[in-house]
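Observations on the model geometry
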Amino acid sequence: MSKSPHYSALVGTNADIFPTILDIYLKDGSTIADVTYGKGVFWRNVDLTKYKLLATDLKDGIDLTNLPYQDHSLDGLVLDPPYMPTEYTGVNQVKEYYGIDRKFDPNKKWHRAVYSIYEDGIREANRVLNKDGVLLVKCQDMVCSNKQMLVHCDLINYAKTWFRCEDLFVLVQNMKRKHPQKNQVHARKNHSYFLVFVRNGRKWGGK
């Protein structure tokens, strides 16, 4: 009997969509580093006997920009840094929301301050992933200072030096996020993305 097909968009939670992504892109027995593990919400519906999970976060003293793994030693890496640089939910309150105290580059503000963490994480992923390694990046587009920031496009363009975006999953949230502005000039963002990157030059034919 064939398995039920997986689709690129889902209304639900991170825990609902993440097993689908692993099922398509990571082989059983893969060593996967989740370097922004937090409370482990991605993994709540995953059969952990299928993978070797290396779960770390900044609160454990391990920074995603300087990982304690050897070059080209991992099959997969999960990157989900804080990505909401607003007065209420981002740079100013990272510690309250994530239980960590990250120091942002003082020369970069709001969107750029958060986006630079993605850049650092992608560069480090290039070092630690093996030739068949898969990079999974969670991100969300945003409006910052009344300007649209299409973060998923920026990340795809940034990563192309080392990786090709092989797939994109859209997660639609049930919750309605509050916003401080009274006058709405852009659509509220109620969806986020999981970007799936594979090595440049790798012909993807399934795991």
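Criteria and cut-off values
Residues numbered from 1 in each chain as written. Predicted model: local features only at pLDDT ≥ 70, side-chain atom pairs only at ≥ 80, totals over all residues. Heavy atoms only, no water. Pairing = 2+ DSSP bridges. Helix = DSSP H or I, 4+ residues; strand = E, 2+ residues; numbered from the N terminus. Axes fitted to C-alpha atoms, helices over the stretch in contact; angles between N-to-C directions. Contact = heavy atoms within 4.5 Å. Phe/Tyr/Trp six-rings, centres within 6.5 Å; stacked < 30°, edge-to-face > 60°. Buried < 20%, exposed > 50% of the residue type's maximum accessible area, 1.4 Å probe, protein only. Core = buried A, V, L, I, M, F, W, Y, C linked by side-chain atoms within 4.5 Å. Polar contact = N/O pair within 3.5 Å; in protein donor to acceptor, adjacent residues only side chain to side chain. pLDDT = per-residue confidence, 0-100. Arc of directions from axis to C-beta. Disulfide = S-S within 2.5 Å.

The next subject is the sheet that holds strand E4 (residues 74-79). Taken together, 7 strands build an open sheet; the order of strands is E1-E8-E9-E5-E4-E2-E3 and the sheet is mixed. Both edges of this open sheet fall to strand E1 (9-11) and strand E3 (52-55), since each of them pairs with a single strand only. Each strand axis lies, on average, 20 degrees off the axis of its neighbour in the sheet, ignoring direction. Relative to strand E9 (residues 191-199), strand E5 (residues 129-139) runs antiparallel, the two being bridged by 6 bridges. Note that in E9 the partner of valine 137 across the bridge is leucine 195. Strands in contact with helix H1 (residues 14-25) are E1, strand E2 (31-34), E4, E5, strand E8 (163-172) and E9; relative to E8, the strand with the most contacts, it is inclined by about 150 degrees.

Let us now look at the packing of aromatic side chains. Within the structure shown, the criterion is met by 7 aromatic pairs. Judged by centre distance (5.0 Å) and plane angle (70 degrees), the rings of phenylalanine 18 and tryptophan 43 are edge-to-face. With phenylalanine 18 in helix H1 and tryptophan 43 in the loop between E2 and E3, this residue pair connects regions lying 25 residues apart in the sequence. Tryptophan 43 shares its class with phenylalanine 18; the two are buried.

Turning to the side chain of aspartate 80, a few remarks are in order. Here aspartate 80 lies in the loop between E4 and helix H2 (94-98). When neighbours within four sequence positions are excluded, aspartate 80 is seen to be in contact with Thr36, Phe42 and Lys138.

Take the nonpolar core next. For soluble globular proteins, the rule of thumb is that nonpolar side chains tend to be buried together. Of all hydrophobic cores here, the largest spans 27 residues; its most connected members are Leu77, Leu79, Leu135, Val137 and Leu155. With 6 residues, helix H3 (residues 110-128) is the largest single contributor of residues to this core. Judged by nonpolar contacts, the second largest core, of 20 residues, contains Leu22, Ile32, Phe194 and Trp204.

Mapped onto the elements, aspartate 167 comes out in strand E8. Relative accessible area serves as the criterion here: at 24%, aspartate 167 is assigned to the partly exposed category. Considered as a pair, aspartate 167 and isoleucine 21 are 146 residues apart in the sequence and their alpha carbons are 9.4 Å apart. Residue contacts for aspartate 167: discarding those within four places in its chain leaves Tyr25, Phe194, Leu195 and Val196. Here the side chain of aspartate 167 touches tyrosine 25 through a polar contact of 2.6 Å, side chain to side chain.

Here the protein shows a mean pLDDT of 84. Residues at 70 or above account for 79%. In this model, residues 85-102 is a region of pLDDT below 50 whose contacts with residues beyond four sequence positions or in other chains number 40 contacts.

Glancing now at helix H4 (residues 151-159). Listing the buried residues of H4 in full gives Val151, His152, Leu155 and Ala159. Viewed along the axis of H4, the buried residues span an arc of 100 degrees, placing them on a single side of the element.

Time to look at the side chain of serine 30. Within the secondary structure, serine 30 is located in the loop between H1 and E2. Side-chain polar atoms of serine 30 contact the backbone oxygen of lysine 27, separated by 2.6 Å. Once residues within four sequence positions are removed from consideration, serine 30 is found in contact with Lys50, Tyr51, Lys52 and Asp75.

Before going further, it helps to examine the state of the cysteines. The final tally for this structure, using the stated rule, is 0 disulfides. There is no disulfide at cysteine 139, and the cysteine sulfur nearest it, in cysteine 165, is 8.9 Å away. The thiol of cysteine 153 is not disulfide-bonded; the next cysteine sulfur, from cysteine 139, is found 9.0 Å away.

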